[in-house]
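# Coordinates in review
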Amino acid sequence: MEILAHLFDGFFIAFEPLNFALIVAGVTIGLFIGAMPGLGSVNGVAILLPMTFLVPPTSAIIFLGAIYYGAMYGGAISSVMLGIPGASTAVATTFDGRPMAKSGFADRALIAAATASFVGGTISIMLFTMFAPPLAHVALVFGAPEEFALMLLAFATFIGLGGDDIPKTFFSIFIGLVLSAVGLDIVSGEPRLIFFDIPGFFHGVNFLVLAIGIYGIGEILWTLESQKGEVEVSRLELSYKRFIDGIVRLKNAIMSMLMGSFLGFFVGILPAAGATPGSLMAYGVAKTMDKDPDSFGKGNVKGVAAPEAANNAASTGSMLPMLTLGIPGSPTTAILLGGMVIWGLEPGPRLFVDHTEFVWGLIASLYAANLLTLIINLAFIPAFIWVLRIPFTILAPTIFILCIVGGYAPTLDLHDVWLMLLFGIVGYLMRKLDYPMAPAVLAIVLGPLAETSLRQSLLIAHGSPMIFIERPIAAVIIICALVLLFLPLFKLIFGKRKK
Amino acid sequence: MRKAELIMAIVMAIASIGLMWKSAELPVGWIPREGPGGGAFPFWLSAGMLGCCIWIIVRWFRGYFDFHGETPYMDRETLVIFLTGSVSLTVMVGSIYLIGVYGAIPMLLIFYMRFIGHHSWLLTATLAVLFPVVTFLFFEIVLTITLPKGLTEPLFYPLYDILM
């Protein structure tokens, strides 16, 4: 009952005129960003975060949450119409969405994607509402050792479940953590890692500088490279009759949507997993479960519905550890978490106690955003397809300008703009060699908290690392983290034995 | 691509050593009653970075290479795209000191839209004027965030008098 009362209050907050307007603006912007090939929620949230300084934190998180949601829906548009995923989360949608569009059924694919996203979003928000308060309640007893153990678990998931090259993933985590240590030592206040005595380093490396560099500048350089060839936008025939027909045909895909929703939510909770593996797994399960698996990849609507339900559910799932434990479940939530710090909030379970209006306003706004995204998406499909026709020679400088102005705004220091440019270029060059960039962003966000909790824990235990084993909750989390860290090694050993 | 893998690992290894050396300016060991020294956290993480680089280099010499094969790291076309993007941005940021954000924005737009995209002068000029105006109104008036204007600063005084 208490949860319902909080949720009811949350709806009051979400439907305040400013917040409601921000939800509408957020989902619309998110849909446009998601529809652009190569850009996804993480790019939109990173680039637009500096624009939220104008409004209160609750309104800011509602706006960014709506962008996150809208972008998840929008990713399917370019997957279906261009055959290029709007973001990595929409890769699986391309497998059957593109063949449907090529066969003249682009409308059915887009309707299936939008409806499945709505189903996935709705189920996952309900699960979120059920699970978040009890998890936050448990996390309230966490001290410094448990907090550090959680950080370690978040990093370990990237190693164990991320699927990227192991030493490069480790490197990415380490460099993110080192960058988070630039500035003043959190205990002694002494200057640390001040390169060439440049004064700009005294205020540290803002996580936004790295995030905008990698997900703004680096991403556009990457997209410019990957879109060298001409792409063809499919024809779309959409009428009232075809729309109803598209909805009716979805009855065959209900089970795929439900499966994708639950799978996506629980995969989304894991820090390294998130929406991309969630949607790929849902696609795989839908194909395996189907009576006619051979029809997948040739335009089966279930192949669109399952991954779309999963990627939307995963985006909500990734917010669960962010709000309850202060551990982001995806790169986008890592940036949202960093945003909270900028807005003066302390991420973690105390949010549910100290800032109920913030948490429940966000949760209620997700319900509203989910419904509004469905309506706006279906009503303005032609407008979003128009976005696909905007030449990249207009989009690229527009995004570059947003990055530069957005990188300057938080600290009003051109030093940060240079750093952002450097991170963007180096990040692009490293990405070409398969260095994963998401762990670095997660690490720079979690770095200060990880260092504080580690130093506090060691101080309590007079330098003995046994404190992480002696406390039961910390010990369990550490064991899980160690299992994940050694998972690639187990895979290697067992893989060799099988051969 | 193979050479690029090795070069990147060596460059990052050198950077890691630099970070270790820089971190060691603060104590990296245990300080009684204070806990780990201020340099410990970045020092050991930089050591971890170095370890990863050595891992990648050793792997390279042992012939491990599971991706991209012999495809070039950057072909001529990609190099042109990369240089166009990175150099134009560097010039834009550098020019902010001189002509400010409101001079640099139209410069970048004209370069991309007219000289790379071959869009019409009308469209290019429209966006080149519209962008700085919208940026000024949003950042300076709505958010009250002052963007750098370089030598053009005095030109904005009358605007501030009118709008603020």
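Residues numbered from 1 in each chain as written. Chains lettered and ligands numbered in written order. Predicted model: local features only at pLDDT ≥ 70, side-chain atom pairs only at ≥ 80, totals over all residues.

### Concerning the overall build of chain A
- Looking only at helices and strands, one finds 23 helices and 2 strands in chain A.
- Oriented by its inertia axes, the alpha-carbon framework of chain A measures out at about 70 × 55 × 45 Å.
- Long-range pairs, those at least 24 residues apart, make up 79% of the contacts in chain A between residues at least 6 apart in sequence. (Helix = DSSP H or I, 4+ residues; strand = E, 2+ residues; numbered from the N terminus. Contact = placed C-beta atoms within 7 Å.)

### Regarding the interface of chain B and chain A
- At the junction of the two partners, chain B supplies 53 residues and chain A supplies 47 residues.
- Going through the elements one at a time, α1 (2–23), β2 (35–36), α2 (40–61), α3 (76–99), α4 (101–116) and α5 (121–142) of chain B are the ones with two or more residues in the side of chain B that touches chain A.
- With 11 residues, the top contributor of residues to the side of chain B that touches chain A is α3(B).
- For the side of chain B that touches chain A, the per-class residue count stands at 36 nonpolar, 13 polar and 4 charged. (Nonpolar A, V, L, I, M, F, W, Y, C, P; charged D, E, K, R; others polar.)

### Here we look at helix α3 (residues 41–48) of chain A
Residue and element names in this part refer to chain A.
- Most of α3 sits inside the fold, with 7 of its 8 residues counted as buried.
- Taken together, the buried positions of α3 are occupied by Ser41, Val42, Asn43, Gly44, Val45, Ala46 and Ile47.
- In this fold, the buried residues of α3 make contact with α2 (17–35), α4 (57–81), α9 (207–226), α13 (302–317), α15 (331–342) and α19 (392–408). (Buried ≥ 20, exposed ≤ 12 C-beta atoms within 10 Å, placed from the backbone.)

### Side note on the nonpolar core
- Within the largest apolar cluster, 208 residues are counted, with the highest numbers of intra-cluster contacts made by Leu210(A), Val441(A) and Met49(B).
- Among all residues touching Met49(B), those that are not within four sequence positions of it are Phe171(A), Phe174(A), Ile175(A), Val178(A), Met12(B), Ser16(B) and Leu19(B). (Core = buried A, V, L, I, M, F, W, Y, C linked by C-beta atoms within 7 Å.)

### Overview of the confidence of the model for chain B
All names here are of chain B.
- Summary statistics for chain B give a mean pLDDT of 89 and a share of 95% for residues scoring 70 or more.
- Per-element mean pLDDT across chain B ranges from 80 in helix α6 (residues 157–163) up to 94 in α2.
- With a pTM of 0.82, the predicted complex shows an ipTM of 0.93. (pLDDT = per-residue confidence, 0-100.)

### Some points on the environment of Ala149(A)
Residue and element names in this part refer to chain A.
- Summarising the element assignment, Ala149 is placed in helix α7 (residues 144–161).
- Judged by C-beta crowding, with 24 C-beta atoms within 10 Å, Ala149 ranks as buried.
- Remark: the alpha-carbon pair of Ala149 and Ile477, spanning 328 residues in sequence, is separated by 5.9 Å.
- The residues touching Ala149, leaving out its near neighbours within four places in the chain, are Phe468, Ala474, Ile477, Ile478 and Ala481.

### Concerning the environment of Ala282(A)
Residues and elements named next belong to chain A.
- As for its position among the elements, Ala282 is in helix α12 (residues 275–289).
- The buried category is assigned to Ala282, around which 32 C-beta atoms lie within 10 Å.
- In this structure the C-alpha to C-alpha distance between Ala282 and Val304, which are 22 residues apart in sequence, comes to 10 Å.
- With near-sequence residues (within four places) excluded, Ala282 lies in contact with Met259, Gly260, Leu263, Gly264, Ala306, Pro307, Ala309 and Ala310.

### Looking at the packing of α3(A) against α4(A)
Residues and elements named next belong to chain A.
- Put simply, α3 and α4 touch, their axes get as near as 8 Å, and they point 155 degrees apart. Of the possible angle classes, the one that applies to α3 and α4 is roughly antiparallel. Pair α3 / α4 crosses with right-handed handedness. Contact residues: α3 offers Ser41, Gly44, Val45 and Leu48, while α4 offers Leu64, Ile67, Tyr68, Ala71 and Met72. (Axes fitted to C-alpha atoms, helices over the stretch in contact; angles between N-to-C directions. Parallel < 35°, antiparallel > 145°, perpendicular 65-115°, else oblique. Left-handed = near helix turned anticlockwise from the far one by under 90°.)

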